[in-house]
Amino acid sequence: TRSDALVGIGAFESPVPSLAGYRSEGADVALDAADRGGPEAAAEAFYRLMVGDATWNRLRAEDRSARRSEGAQLVAELKALRRSPELPDLPSIGLPVAVGAGTASNPSWRSCAEELALVLADASYVEIDGAGHGAHLSHPDEFARYVRTCIDRCAGP
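Quick caveat, the model's predicted, so the values are computed rather than measured.

Engineer: Please explain a negative patch on the surface as it appears in this structure.
Structural biologist: The grouping of E114, E127, D129, D141 and E142 at the surface amounts to a negative patch. A relative accessible area of 32% places E142 in the partly exposed class.

This is the structure we're talking about:
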């Protein structure tokens, strides 16, 4: 074992299907779109939900095409989250975890992050005021402080 290695977890609005309050609007939207139009439609619907129509419309055609090409993988991952038989026993996770969320994020994502921080044995909760799920883009300085919290938690005493 290396004594200088960081050991811990950072979880910013992470999907946690084993939590009672977990709900993923993004998964619902993407999988519904996949049923209607296939994996490419799923990727576009998911991306539009995450960044908004205005951002999607500003992308170059080749960038929109690249995002759509990720649809099959996205659909596979979203389906796996829904049916995973091997969900972790969250209270048994002994590593330090820095859980984060933005105050302007989807309310279900925020509540999931809050619940995760309560369920874990060794967690701290960091909120970024005014940030949504894309906090790393909209609030880079505050997100960098969240990352610093992750590193500090992982480094231990």
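From this point, things continue past the structure.
Engineer: Explanation requested: the packing of aromatic side chains in the structure shown.
Structural biologist: Each aromatic ring pair is characterised by the separation of its centres together with the angle its planes make. Under the definition given, this model contains four aromatic pairs. For the ring pair F143 and Y146, a centre distance of 5.4 Å and an interplane angle of 50 degrees mean the geometry is tilted. In this pair, F143 and Y146 are both assigned in helix 8 (residues 140-155), three residues apart and thus about one turn of the helix distant. Note on Y146: relative accessible area 3%, which makes it buried. In this structure an aromatic cluster arises from ring pairing among F12, F143 and Y146.

Engineer: Which parts of the structure should I look at to understand the nonpolar core?
Structural biologist: Counting 12 residues, the largest nonpolar core consists of A11, V16, L19, L90, V97, V99, A101, C112, A113, L116, A117 and L120. Of all the secondary-structure elements, those providing two or more residues to this core are strand 2 (97-102) and helix 6 (107-119). Here the element with the most residues in this core is helix 6; it accounts for four residues. If we skip the residues at most four places from it in the chain, A117 touches V99, A123 and Y125.

Engineer: Mind showing me how you'd approach unusual backbone geometry here?
Structural biologist: As a rule of thumb, non-glycine residues mostly have phi less than zero, and peptide bonds are mostly trans rather than cis. Positive phi values are uncommon outside glycine, yet E13 reaches one of about 50 degrees. Position of E13 relative to the elements: it lies in the loop between strand 1 (9-12) and helix 1 (25-37). The exposure class assigned to E13 is buried, which follows from its relative accessible area of 7%.

Engineer: I'm lost on the side chain of H139 in this one. Help?
Structural biologist: Tracing the sequence through the fold places H139 in the loop between helix 7 (135-138) and helix 8. Its relative accessible area of 17% is what places H139 among the buried residues. Reaching out from H139, the side chain makes a polar contact with the side chain of S138 at a distance of 2.7 Å. If sequence neighbours within four positions are ignored, H139 has contacts with I128, D129, G130 and A131.

Engineer: I tried to follow the side chain of D28 on my own but got confused; where do I start?
Structural biologist: Its location among the elements puts D28 in helix 1. Residue classification places D28 among the buried residues on the basis of a relative accessible area of 16%.

Engineer: I'm lost on the sheet that holds strand 1 in this one. Help?
Structural biologist: Hydrogen bonds between backbone groups are what pair the strands of a sheet, and the pairing can be parallel or antiparallel. Taken in spatial order, the three strands line up as 1-2-3 in an open sheet, and their pairing is parallel. Of all strands in the sheet, those bounded by a partner on one side alone are strand 1 and strand 3 (123-128). Averaged over all adjacent pairs, the angle separating strand axes in this sheet is 20 degrees, with direction ignored. Pairing analysis gives six bridges linking strand 2 to strand 3, with the strands arranged parallel. Directly across from G102, in strand 3, lies its bridge partner I128. Along the sheet, helix 8 contacts strand 1, strand 2 and strand 3; its crossing angle with strand 3, the most-contacted strand, is approximately 170 degrees.

Engineer: Help me understand the packing of helix 1 against helix 2 (residues 39-51), please; the structure alone is not making it clear to me.
Structural biologist: Packed helices, taken two at a time, are described by the angle between their axes plus the distance between the axes. Contact geometry of helix 1 with helix 2 gives a least axis separation of 7 Å together with a crossing angle of 150 degrees. One way to sum up the angle between helix 1 and helix 2 is to call them roughly antiparallel. The crossing of helix 1 and helix 2 is right-handed. Of the residues in helix 2, those touching helix 1 at E25, G26, A27, V29, A30, A33, A34 and G37 are P39, A41, A42, A45, F46, L49 and M50. For the contact of helix 1 with helix 2, the per-class residue count stands at 12 nonpolar, two polar and one charged.

Parameters at a glance
- Numbers given for residues are sequential positions, taken from 1 along each chain in its written order.
- Confidence filtering applies because this is a predicted model: local features only for residues at pLDDT of at least 70, side-chain atom pairs given and counted only at 80 or more, and all residues used for totals across whole chains, interfaces and linings.
- Processing note: side-chain calculations cover all non-hydrogen atoms of the structure and skip hydrogens and water entirely.
- Note that patches include only residues with greater than 30% relative accessible area and no salt bridge, and the join distances are 9 Å for like charges and 5 Å for nonpolar side chains (Val, Leu, Ile, Met, Phe, Trp, Tyr).
- Working definition of accessibility: Shrake-Rupley area with a 1.4 Å probe, residue cover restricted to the visible protein chains.
- One speaks of a salt bridge when a side-chain nitrogen belonging to Lys or Arg is within 4 Å of a carboxyl oxygen belonging to Asp or Glu.
- By the counting rule applied here, Lys and Arg register as positive and Asp and Glu as negative, while His and the ends of each chain are not counted.
- Every charge is mapped to an atom, namely NZ of Lys, CZ of Arg, CG of Asp or CD of Glu.
- Working definition: with a 1.4 Å probe on protein chains only, accessible area under 20% of the residue-type maximum means buried, over 50% means exposed, and in between means partly exposed.
- Two rings from Phe, Tyr or Trp (for Trp, the six-membered ring) form a pair when their centres sit within 6.5 Å of each other. Planes less than 30 degrees apart are called stacked, planes more than 60 degrees apart edge-to-face, and all others tilted.
- Going along the chain from the N terminus, every DSSP run of H or I of four or more residues is numbered as a helix, and every run of E of two or more is numbered as a strand.
- The term nonpolar core refers to a set of buried residues drawn from Ala, Val, Leu, Ile, Met, Phe, Trp, Tyr and Cys, joined through side-chain atoms within 4.5 Å.
- Between two residues, a contact is recorded if the distance between any of their heavy atoms is within 4.5 Å.
- Counting of polar contacts relies on pairs of N or O atoms within 3.5 Å, with two restrictions inside protein: one atom must be capable of donating a hydrogen and the other of accepting it, and residues adjacent in sequence are counted only when both atoms are side-chain atoms.
- Pairs of strands are assigned from DSSP output, requiring at least two bridges between the strands.
- Axes here mean lines fitted to C-alpha atoms, for a helix over just the part in contact, with angles spanning 0 to 180 degrees between N-to-C directions.
- Note that the term roughly parallel is reserved for angles under 35 degrees, roughly antiparallel for angles over 145, roughly perpendicular for angles of 65 to 115, and oblique for everything else.
- The sense of a crossing depends on the near helix, which, turned anticlockwise from the far helix by less than a right angle, makes the crossing left-handed and, turned clockwise, makes it right-handed.
- Note on residue classes: Ala, Val, Leu, Ile, Met, Phe, Trp, Tyr, Cys and Pro are nonpolar, Asp, Glu, Lys and Arg are charged, and everything else, Gly too, is polar.

This is a description of form; function is not addressed.
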